[in-house]
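# Geometric and topological summary
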Amino acid sequence: MSLTEPDRLNTADGPTVAKPKAKRVFIKTWGCQMNVYDSNRMADVIAPLGYMPTEDVSVADLVIFNTCHIREKATEKLFSELGRLHPFQKAKAQRGERMMVAVAGCVAQAEGSEIQRRAPFVDMVFGPQTYHQLPEMIAQVTRGAGLVLNTEFPSETKFDQLPEEHKPPGVSAFLSVQEGCDKFCTFCVVPYTRGTEYSRPAAAIVAEAERLVRNGAREITLLGQNVNAFHGDGCDGKPWDLARLLQCLAEIPKLKRLRYTTSHPRDMKDTLIAAHSTIPQLMPFLHLPVQSGSDTILEAMNRKHTSDDYRRLIDRLRSARSDMAFSTDFIVGFPGETDDDFAATLKLVRDIGFTQAYTFKYSRRPGTPASAMPDQIDATIQNARLAELQSLMQEQQDAFNSAMIGTIMPVLFDRKGRYQGQVHGRTAYMQAVHVTAPERIISQELPVKIEKVGLNSVSGQLAAA
Ligand code: SAH
Ligand code: SF4
Ligand code: F3S
């Protein structure tokens, strides 16, 4: 059978080749920014097969759930989402069409067989390190090979196999530079789901950053589970640390802002601290998870730093750049946490003056050392501590935002606002900003006079440059 016209692709210098039939992929992402990055890259991997993204799950030929395993709720969300999806898959089958279902990411890595048992209509299960093999996996499912379970940690890295980015990155882009974790905090599943630490070679990172900027990015956030442990082959043949990599990226013209996340306090080296004073593009805002203010709990967590180590680190960062602000992660109700331990956490929040924090109740993860510790904390106590911590954080966040009223802040505009005539941007401190302005300012960094603060955002007017 010959192909009809739309199915043929003319190449300038060769014979006509078959263009893949247009298909639709629906991708839903949970978890950290690395999962967001991975989801974008999965779309890149299957774009050459003809898969275009859709927001409408009912018409999708392929559904990918890119999952997170960090807390128990994250896993349960996957199963309820799969339950909601199944009728759509059946409806499509009744129309004589197929909807392939894939579970990717960290739950896939950790619970492959559980997924198979609880949701047998899933066609593919693959972890964070094998999604570059999606075309082969799709081919296997199409051939009727049954469930494709692909949760090995391959010896080759996916980064060497990924195609170039398919869709424009937007003004603010993510770039994974490091993966995995060897730290084994006693509460955490990441070392098991993402594997051991690996840093990409600098040349590949720089090439990717240059492409992102060429395609419109003005801000790049370097990603890694332990991004400041980055130690890749440098462009000059020597090993580079994160500070050296940032220095090199700062030379890319038009790239206005650099950030990196997530860092571990133990890997905050002198060179990186110094980079905050010498690289103007590096934003004065750092997310540096501390988890607890109590040394007993930090030790039980295997964090290998004390609360005073952390305080000293913040002092040094502030000496490098006085306008630094800090955000962090806290876990409350870790096994054995007493009222005094929790009071030490509240004290640390005040001492550091965090402007933002992600706060979590400790969640017992099977297989992690903390899940077997005695003195697991009652949910009622966990809830009360979480509420107290969150209300203190809200106070600090409000105070930080309010202090901006009347000041002029550089804002990088990245997209249209929710309302007609509005443009959305972010300050150096990641505060969302809305101004009434023409859309053409998107991708520019402009001074804004801050006039009002909302719950999690600020608003104002463009100031004269
Ligand atoms: N690599 C980063 C963070 C990884 S996970 C770091 O080292 O800090 C993101 C956050 O989830 C963690 O900082 C921690 O606060 C939280 N988290 C991880 N495991 C958890 C668990 N079992 N229960 C509750 N929160 C958890
Ligand atoms: Fe998890 Fe600790 Fe590794 Fe962060 S450093 S990913 S919290 S084990
Ligand atoms: Fe979740 Fe995996 Fe990220 S467990 S937080 S998606 S590394």
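Below is a short write-up of the structure.

Scoring rules and cut-offs
Residues numbered from 1 in each chain as written. Chains lettered and ligands numbered in written order. Predicted model: local features only at pLDDT ≥ 70, side-chain atom pairs only at ≥ 80, totals over all residues. Heavy atoms only, no water. Pairing = 2+ DSSP bridges. Helix = DSSP H or I, 4+ residues; strand = E, 2+ residues; numbered from the N terminus. Axes fitted to C-alpha atoms, helices over the stretch in contact; angles between N-to-C directions. Contact = heavy atoms within 4.5 Å. Salt bridge = Lys/Arg side-chain N within 4 Å of Asp/Glu carboxyl O. Buried < 20%, exposed > 50% of the residue type's maximum accessible area, 1.4 Å probe, protein only. Parallel < 35°, antiparallel > 145°, perpendicular 65-115°, else oblique. Near = heavy atom within 4 Å. Polar contact = N/O pair within 3.5 Å; in protein donor to acceptor, adjacent residues only side chain to side chain. Areas by Shrake-Rupley, 256 points an atom, 1.4 Å probe, with all protein chains shown as cover. Nonpolar A, V, L, I, M, F, W, Y, C, P; charged D, E, K, R; others polar. Domains from an automatic or database assignment.

## Here's the deal with the sheet that holds strand β8 (residues 148-150)
Spatially, β4-β3-β5-β6-β7-β8 is the arrangement adopted by the six strands of the open sheet, whose pairing is parallel. The open sheet has two free edges, formed respectively by β4 (51-53) and β8, since each of these has just one partner strand. Averaged over neighbouring strand pairs, the angle between their axes works out to 20 degrees when direction is ignored. Taken together, the three bridges between strand β6 (residues 100-104) and strand β7 (residues 124-126) define a ladder with parallel strand orientation. Along β7, the bridge assignment pairs A102 with M124. Contacting β3 (23-29), β5 (62-67) and β6, helix α2 (residues 72-94) crosses the sheet at an angle of about 175 degrees to β5. In this fold helix α4 (residues 134-142) packs onto β4, β5, β6, β7 and β8, with an angle of close to 155 degrees to the strand it touches most, β7.

## Some remarks on the pattern of salt bridges
Overall, the coordinates contain 31 salt bridges when judged by the stated rule. Its salt-bridge partner being R118, residue E114 comes within 3.8 Å of it at the nearest N-O pair. With E114 and R118 both in helix α3 (residues 105-118) and four residues apart, this pair spans about one turn of that helix. When its relative accessible area of 38% is taken as the criterion, R118 is described as partly exposed. Across the pair D339 and R385 runs a salt bridge whose closest N-O atoms are separated by 2.9 Å. With D339 in helix α11 (residues 339-352) and R385 in helix α12 (residues 379-402), this residue pair connects regions lying 46 residues apart in the sequence. Put simply, R41, D44, E164, E165 and R211 are held in one network by salt bridges that share partners.

## Focus: the packing of helix α10 (residues 307-320) against α11
One can describe the packing of α10 onto α11 by two numbers: an axis separation of 11 Å at closest approach and a directional angle of 10 degrees. By the angle between their axes, α10 is roughly parallel relative to α11. Contacts between α10 and α11 involve S307, Y310, R311, I314 and R318 on the former and, on the latter, K347, L348, D351 and I352.

## Digging into the site of ligand 1
The immediate surroundings of ligand 1 are formed by 15 residues, with F187, Q225, Q291, D329 and S363 found nearest. With respect to ligand 1, the backbone of Q225 contributes an N or O atom lying 2.8 Å from a nitrogen atom. The protein chains hide 89% of the 540 Å² of surface that ligand 1 would expose on its own. Looking at the shell around ligand 1, the elements that each hand over two or more residues are β17 (325-332) and β18 (356-361). Of the residues that constitute the shell around ligand 1, the class distribution is six nonpolar, four polar and five charged. Looking at which domains feed residues into the shell around ligand 1, each of domain 2 (168-283) and domain 3 (297-403) supplies at least three.

## Remarks on the packing of helix α8 (residues 270-278) against α10
Look at α8 against α10: their axes get within 7 Å of each other, and the N-to-C directions meet at 35 degrees. Residue-level inspection shows D270, I273, H276 and S277 of α8 in contact with α10, the latter providing L313, R316, L317 and A320. For the contact of α8 with α10, the per-class residue count stands at four nonpolar, two polar and two charged.

## A closer look at the pairing of strand β20 (residues 422-426)
Judged from the four bridges that link them, strand β19 (residues 408-416) and β20 form a sheet pairing that is antiparallel. Looking at the pairing, K416 lines up with V423 of β20. Between β19 and β20, which pair antiparallel in sequence order, lie five residues; one of them, G421, sits at a positive phi of approximately 85 degrees. Relative to strand β21 (residues 432-436), β20 runs antiparallel, the two being bridged by five bridges. Looking across to β21, one finds that R426 is bridged to A432.

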